Amino acid sequence: MLANWLKNAHSTVIFTGAGMSTESGLPDFRSSTGLWKQFNPTQLASIDALNNQLNDFMHFYQERVQSVQLVKPHKGHSILAKWEEQGLIKGIITQNVDGLHQEAGSTHVAELHGTLRRFHCQSCGKSKNREDFIKQLTQCHCGGKIRPSIVLFGEQLPKDAFEVALHLSEFSDLFIVLGSSLSVAPANQFPLIAKEAGARLVIINEEPTDLDYYADLVINERKIGEALSAVDQQL
Ligand code: APR
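Just so we're clear, the structure is a prediction, and the values are computed from it rather than from any experiment. (Residues numbered from 1 in each chain as written. Predicted model: local features only at pLDDT ≥ 70, side-chain atom pairs only at ≥ 80, totals over all residues. Heavy atoms only, no water.)

**Q** Outline the pattern of salt bridges, supporting the account with residue identities and numerical values.
**A** Counting across every chain of the model gives ten salt bridges. One salt bridge connects R117 with E103, and the closest N-O pair in it is separated by 2.9 Å. With R117 in strand β4 (residues 114-121) and E103 in helix α7 (residues 100-104), the pair connects residues that are 14 residues apart, well separated along the chain. The residue D216 makes a salt bridge to K195 at a minimum N-O spacing of 2.8 Å. Here the residue D216 occupies a position in the loop between β8 (200-205) and β9 (217-220), and K195 occupies one in helix α10 (residues 190-196), the gap between them amounting to 21 residues. Residue class for D216 comes out partly exposed when judged on its relative accessible area of 39%. (Salt bridge = Lys/Arg side-chain N within 4 Å of Asp/Glu carboxyl O. Helix = DSSP H or I, 4+ residues; strand = E, 2+ residues; numbered from the N terminus. Buried < 20%, exposed > 50% of the residue type's maximum accessible area, 1.4 Å probe, protein only.)

This is the structure we're talking about:
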């Protein structure tokens, strides 16, 4: 059924969460082995942590920055990049900060929560490179802290990514969620915006999500790569 919907849709949008990257070896956040089962996000992934718990913040993010450098996209990422090239999907809205969609070849990607592959000064906003961040000895010339360009709890989403995601959602007729608990706002509003705009909503996730009730199709699948591969073979 999903393969037919994908073939007949005019504007398919993919929405991904951390469950899209676990098959590449990165942890998600809220499943039984998720990061937030080991760490408290408000004490680490927040603007307050950057301002008041700098050592804990730096240790946590230096680990995550290095881990995204070590992993590779899996077949699910490659299939999405192929579908974009074939004109089957319009774009990807991702909550992920690992850059794996782009590494697999996807080009139209809205990174709602920023990326661990870029860095900037917290005070003057100047772009910085990874070495500056990893070393962290060389503070910015202005004396500000160097940080990853991700959205911390308590911060606004990047305006451009938000607007791209809004446009994609409002004009989609098929909206497919892959690997997200859909528990974090405002990111979790986009599937509802698409649904209200008349899109079919599909959720592929290992566990039930907060928005399953609104979906036209829910596939509780342990491996997203396998699910996408099965659809790809029916195209
Ligand atoms: N296949 C299918 N589902 C999977 C897989 C997999 N291989 N791996 C994990 N999942 C599912 C988990 O069961 C979970 O329900 O993916 C979902 C991931 O949910 P979360 O861990 O909550 O991640 P996400 O929805 O992306 O979190 C949103 O929260 O902490 C913030 O900024 C962070 O972007 C993140 C946001």
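**Q** Explain the site of the ligand to me, using residue names and the numbers behind them.
**A** Near the ligand there are 23 residues, and of these F29, R30, W36, S180 and S181 occur at the shortest range. In this structure, R30 approaches the ligand through a side-chain N or O atom, which is 2.7 Å from an oxygen atom. Within the side chain of N205, one N or O atom sits 2.9 Å away from an oxygen atom of the ligand. Contact with the protein chains covers 95% of the free accessible surface of the ligand, which is 740 Å². Per-class residue counts for the shell around the ligand are six nonpolar, nine polar and eight charged. (Near = heavy atom within 4 Å. Polar contact = N/O pair within 3.5 Å; in protein donor to acceptor, adjacent residues only side chain to side chain. Areas by Shrake-Rupley, 256 points an atom, 1.4 Å probe, with all protein chains shown as cover. Nonpolar A, V, L, I, M, F, W, Y, C, P; charged D, E, K, R; others polar.)

**Q** Kindly report on the sheet that holds β4, identifying the contributing residues and their values.
**A** Strand order in the open sheet made by the three strands is β5-β4-β6, with antiparallel pairing throughout. A strand with exactly one partner marks an edge of an open sheet, and here the two such strands are β5 (127-128) and β6 (146-150). Here two bridges tie β4 to β5, and the two strands are oriented antiparallel to one another. For H120, the partnering residue across the bridge sits in β5 and is S127. Contacting β4 and β6, helix α5 (residues 54-70) runs over the sheet at an angle of about 130 degrees to β4. (Pairing = 2+ DSSP bridges. Contact = heavy atoms within 4.5 Å. Axes fitted to C-alpha atoms, helices over the stretch in contact; angles between N-to-C directions.)

**Q** Quick one: what's the story with the sheet that holds β9, residue by residue and with numbers?
**A** The sheet built from six strands is open, its strands ordered β3-β2-β1-β7-β8-β9 with parallel pairing. Edge positions in the sheet fall to β3 (109-111) and β9, since each has one partner strand and no second. Strand-to-strand, the axes of this sheet are offset by a mean angle of 15 degrees, without reference to chain direction. Across four bridges, the pairing between strand β1 (residues 12-16) and strand β2 (residues 91-94) is parallel. Counterpart to V13 in the pairing with β2 is G91.

**Q** How would you sum up the UniProt feature "binding site: Zn(2+)" (unreviewed entry) in the protein? Please name residues and give values.
**A** UniProt's entry tags C121, C124, C140 and C142 with the feature "binding site: Zn(2+)" (unreviewed entry), counted in the numbering of this structure. Sequence-wise these annotated residues cover 22 residues; spatially they are packed, their C-alpha atoms never more than 8.6 Å apart. Looking at where C121 falls in the secondary structure, it is placed in strand β4. Note on C121: relative accessible area 0%, which makes it buried. (UniProt positions renumbered as here; feature names shortened; annotations may be inferred.)

**Q** Give a detailed account of helix α9 (residues 159-170), specifying residues and quantitative values.
**A** In this model α9 runs 16 Å from its N-terminal to its C-terminal C-alpha over twelve residues, within 8% of the 16 Å that 1.5 Å per residue would give. For α9, the complete set of buried residues consists of A161, A165, L168 and S169. The arc enclosing the buried residues of α9, seen along the axis, measures out at 95 degrees, which places them on a common side. Residues of α9 that are exposed and angled more than 90 degrees away from the buried face: K159 and D160. Taken together, the buried residues of α9 touch β1, β2, β3, β7 (174-178) and α10. (Expected span 1.5 Å × (residues − 1). Arc of directions from axis to C-beta.)

**Q** For the environment of K37, give the residues involved together with the corresponding values.
**A** By the secondary structure assignment, K37 is in helix α2 (residues 35-38). The class of K37 is exposed, set by a relative accessible area of 54%. Non-local contacts of K37, meaning those with residues more than four positions away in its chain, are made with F29, R30, S31 and S32. One polar contact links the side chain of K37 to the main-chain carbonyl oxygen of R30, over a distance of 3.0 Å.

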